[in-house]
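This is what each chain is made of:
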2 protein chains.
Amino acid sequence: MQFTSEQRLEDGVLERKFTLDEIPGILWTPESASTSAPVPLILLGHPPLGLNRMYARLVARAQRAAADGFAAATIELPGSGERPRLAAVDQARADLRRAMEAGTPVGEEIIDALVLPLVDKAVPEWQATLDAVLSLPEVGGPVGYSGGVISIGVRLAAVEPRVVAAGLFAGSLVPRTMFEEARQVTVPLHVLLQWDDEGNDRQASLDLFDAFGSKEKTLHANMGGHTGVPQFAGEDAAGFFARHLK
Amino acid sequence: MQFTSEQRLEDGVLERKFTLDEIPGILWTPESASTSAPVPLILLGHPPLGLNRMYARLVARAQRAAADGFAAATIELPGSGERPRLAAVDQARADLRRAMEAGTPVGEEIIDALVLPLVDKAVPEWQATLDAVLSLPEVGGPVGYSGGVISIGVRLAAVEPRVVAAGLFAGSLVPRTMFEEARQVTVPLHVLLQWDDEGNDRQASLDLFDAFGSKEKTLHANMGGHTGVPQFAGEDAAGFFARHLK
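Note that the structure is predicted; figures quoted are calculated from it, not measured.

Quick look at unusual backbone geometry now. Glycine aside, residues mostly have negative phi angles, and peptide bonds mostly take the trans form. All names here are of chain A. Backbone torsion omega between Gly 141 and Pro 142 reads -10 degrees, so that peptide bond is classified as cis. Along the polypeptide, Pro 142 turns up in strand β6 (residues 139-147). Look at Asp 21: it is not a glycine, yet its phi comes out positive at around 50 degrees. Its place among the elements puts Asp 21 in the loop between β2 (14-20) and β3 (23-29).

Following this line, the structure appears as structure tokens:
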């Protein structure tokens, strides 16, 4: 992990951009983080729109995490931002758009082609990010994963024992095979669902919630579309991480 | 409203028992409540098991409300505690038990007979309680309704303009006609659902949530059965009332 820039935000949060095997990322640590008092970590997932475009929302989430005493880290997703495109995923995205515009059902093969390559590639990258960030003396554990493409969160929560709690956003299409992976997840879960999310299948989201193997799982459904998550939903999610990472 | 007893709880909350047209009730006010600083009010709904049996849970909810600066009030439900039995409701309850023990589907006529007489009788009583409690100089508004038989909460939220926010527990069977009443509800809603509630129909609860006319409505689903509501769910509900009654 190579740090490429560093700045102190107005609330004392230290923001460091880095690259890790040519993947750009950002690490935020609260002023309180130190070698003698390492802080827990939240991995900030996000949709595949590019870190630059997501920056304002990510930094707000990182500052909320820092206010609770947590570090936060994120990386560019495969095929996003300035990373090489994933041709198959781009093709699937075009197919999805065509199907939605035509009002025809979105076939499972489109969802698989759109999501699975991203999950296969992204999850090991998040794990490598964990290796790197947790090697810093000012960041300890435990680790939470928050938001972004839900299938990435499901796979990561299922395979990565360092993730002890996950806050997921049921806002993207889910391949059928992910339901089996969801059964392997046992960590506490906090799942957000936008009730009228135009690009999401509400019943599939409820089925996925039902499938998770976790003994503690909570679904928070709110009114509105994909981008209409109310501010208080963020407060509730912060409360979830405060309960499990402290 | 006649006060019949009064005691100061250890956290300074004033607990006063009262009767109102022969209906027993309890009013809790925080130490801060005064004529010059009247406090908002939360009506504490509860299942028809009798105030005495529910007392410990009710006083805990009232103390939580008081800690947020709210008064809380509750009354005995029709047919519960020492109030005269409702023969038709008792009959329906026996029919329900028989159906559940036999594993046969619970017919709509049983649900109607069990719930509708209770709603018809209870809602005007809650409104009379509001008249009485809001006439006290130390209690002002706004008013929230919380918990208990969900159909009572639905009807009260639909017909009583002084109720500006409702926290409902999707834990009891709902007559089909209540879905129409739910469409009339427009106040902010916070709905709790226990995902594995043995006596509840999960899909009907999701349909009822969908039916509410409110622009702000949130569903919090948690694992476990009817009585397994996790403590953090209470915290989230308290946050909901703090947002809307302050």
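Read on for the rest.
Mapping chain A onto chain B leaves a residual RMSD of 0.0 Å; the transformation is a rotation of 180 degrees accompanied by 0.0 Å of translation along its axis. Here the transformation between the copies is reduced to the relation of a two-fold axis. Looking at the rotation axis and the C-alpha trace of chain A, the residue lying nearest is His 220 of chain A, at 2.4 Å. When you check the interface residues of chain A against chain B, 100% turn up at the interface there too, and the contact is symmetric in its surfaces.

Take the packing of aromatic side chains next. Evaluation of the coordinates by the stated rule reveals eight aromatic pairs over all chains. When the ring of Phe 240 of chain A is compared with that of Phe 241 of chain A, the centres are 5.2 Å apart and the planes differ by 70 degrees; the resulting orientation is edge-to-face. The residues Phe 240 of chain A and Phe 241 of chain A share a single accessibility class, namely buried. Seen from the ring of Phe 3 of chain A, Arg 16 of chain A lies directly overhead, with NZ or CZ sitting 4.7 Å from the centre. Stacked on the ring of Phe 209 of chain B, the Lys or Arg Lys 217 of chain B has its end atom at 5.3 Å from the ring centre.

Attention now moves to the pattern of salt bridges. For the coordinates displayed, the defined rule picks out 30 salt bridges over all chains. Glu 138 of chain B is the salt-bridge partner of Arg 16 of chain B, the closest N and O atoms lying 2.8 Å from each other. With Arg 16 of chain B in strand β2 (residues 14-20) and Glu 138 of chain B in the loop between α3 (108-134) and β6 (139-147), the pair connects residues that are 122 residues apart, well separated along the chain. On the basis of relative accessibility, which here comes to 9%, the residue Arg 16 of chain B falls in the buried class. Members of the salt-bridge network, linked through shared partners, are Arg 64, Asp 68 and Glu 235 of chain A.

Rules used in this analysis
Residues numbered from 1 in each chain as written. Chains lettered and ligands numbered in written order. Predicted model: local features only at pLDDT ≥ 70, side-chain atom pairs only at ≥ 80, totals over all residues. Heavy atoms only, no water. Helix = DSSP H or I, 4+ residues; strand = E, 2+ residues; numbered from the N terminus. Least-squares fit on C-alpha atoms with pLDDT ≥ 70 in both. Contact = heavy atoms within 4.5 Å. Phe/Tyr/Trp six-rings, centres within 6.5 Å; stacked < 30°, edge-to-face > 60°. Buried < 20%, exposed > 50% of the residue type's maximum accessible area, 1.4 Å probe, protein only. Lys NZ or Arg CZ within 6 Å of the ring centre and 35° of its normal. Salt bridge = Lys/Arg side-chain N within 4 Å of Asp/Glu carboxyl O.

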